[in-house]
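Analysis of the macromolecular model
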Amino acid sequence: LSCLEMTKLMKQKKSLDIHRNAFVNLAMPFFAFTQPLPAEEMVVEGRSFTIWDRTIIKEKKTTPITIKKLLSRIIKKMDLDKEVYQVSSISYGPYLIYANFMHEDDDDLLKKSIWIVLKEAMKNDEEFSGRNDDNAEKENNPKIDVSLENRTFLDFSVVVENIESGEELEIPPVRILR
């Protein structure tokens, strides 16, 4: 059955209703046949996105992108009005890299490269968790690799806020390419 589905993909059929999936549980007499659903769409200012979309921002090879530049590029790439919308938060996994309620006037942070800020956050978390863990927990949780030099891209979760209404919108992940 999987080979038939691959054949359909190879023919580049775009319609989802031609694809099928089957599940058989031999321990219980259970047979299930399913059909894939289209990805759920999010609408931001008239533009629709799915969970598979990315907002791609390319970094110049000569200078790494700063937080301040990243904030303006996100608003520009999403075609949002900078007078109405602002970036509320930027996170990378469990790390909150930027939050407008904490860092809006922090010029030192806004001038730093996103790569340096992320590296510092990961290093600080590693040092903080190392002080409170006992030996058993250290064995279960290997150290986080702080080396970001070999990465060619990073995916960030970004939340944008409407300044007038206070409504927060989650936009597709922002991918920064080196």
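Conventions and cut-offs
Residues numbered from 1 in each chain as written. Predicted model: local features only at pLDDT ≥ 70, side-chain atom pairs only at ≥ 80, totals over all residues. Heavy atoms only, no water. Helix = DSSP H or I, 4+ residues; strand = E, 2+ residues; numbered from the N terminus. Contact = heavy atoms within 4.5 Å. Salt bridge = Lys/Arg side-chain N within 4 Å of Asp/Glu carboxyl O. Buried < 20%, exposed > 50% of the residue type's maximum accessible area, 1.4 Å probe, protein only. Pairing = 2+ DSSP bridges. Patch = residues over 30% accessible without salt bridge, like charges linked within 9 Å, V, L, I, M, F, W, Y side chains within 5 Å. Areas by Shrake-Rupley, 256 points an atom, 1.4 Å probe, with all protein chains shown as cover. Core = buried A, V, L, I, M, F, W, Y, C linked by side-chain atoms within 4.5 Å.

Before going further, it helps to spend a moment on the side chain of Ser88. Checked against the element boundaries, Ser88 lands in strand S6 (residues 85-92). Every residue in contact with Ser88, bar those within four places of it in the chain, is listed here: Tyr98, Ala99, Asn100, Val159, Val160, Glu161 and Glu168.

What follows covers the pattern of salt bridges. Inspection of every chain in the model, using the stated rule, returns four salt bridges. Because the salt bridges share partners, they merge into one network encompassing Arg54, Asp155 and Arg175.

Turning our attention to the pairing of strand S5 (residues 55-58). Only one face of S5 is buried: it carries Thr55 and Ile57, and the other face, with Ile56 and Lys58, is open. Note: S5 against strand S10 (residues 174-177), four bridges, orientation parallel. Across the sheet, residue Ile57 finds its bridge partner in S10, namely Ile176.

Moving on, we come to a nonpolar patch on the surface. A cluster of nonpolar side chains, Val24, Leu26, Phe31 and Phe33, forms an exposed patch at the surface whose accessible area comes to about 530 Å². Tracing the chain through its elements places Leu26 in the loop between strand S1 (21-25) and strand S2 (30-34). For Leu26, a relative accessible area of 79% gives the class exposed.

Time to look at the nonpolar core. Generally speaking, nonpolar side chains in soluble globular proteins are found buried as a group. Counting 35 residues, the largest nonpolar core has Ile74, Ile90, Ile97, Ile114, Leu118, Phe156 and Val158 as the members making the most contacts within it. Among the elements of the structure, helix H2 (67-77), S6, strand S7 (95-99), helix H4 (107-110), helix H5 (114-132), strand S8 (153-162) and S10 are those that each provide at least two residues to this core. Ile90 has contacts with Leu70, Leu71, Ile74, Tyr95, Leu96, Ile97, Tyr98, Phe156, Ser157 and Val158, leaving out every residue within four places of it along the chain.

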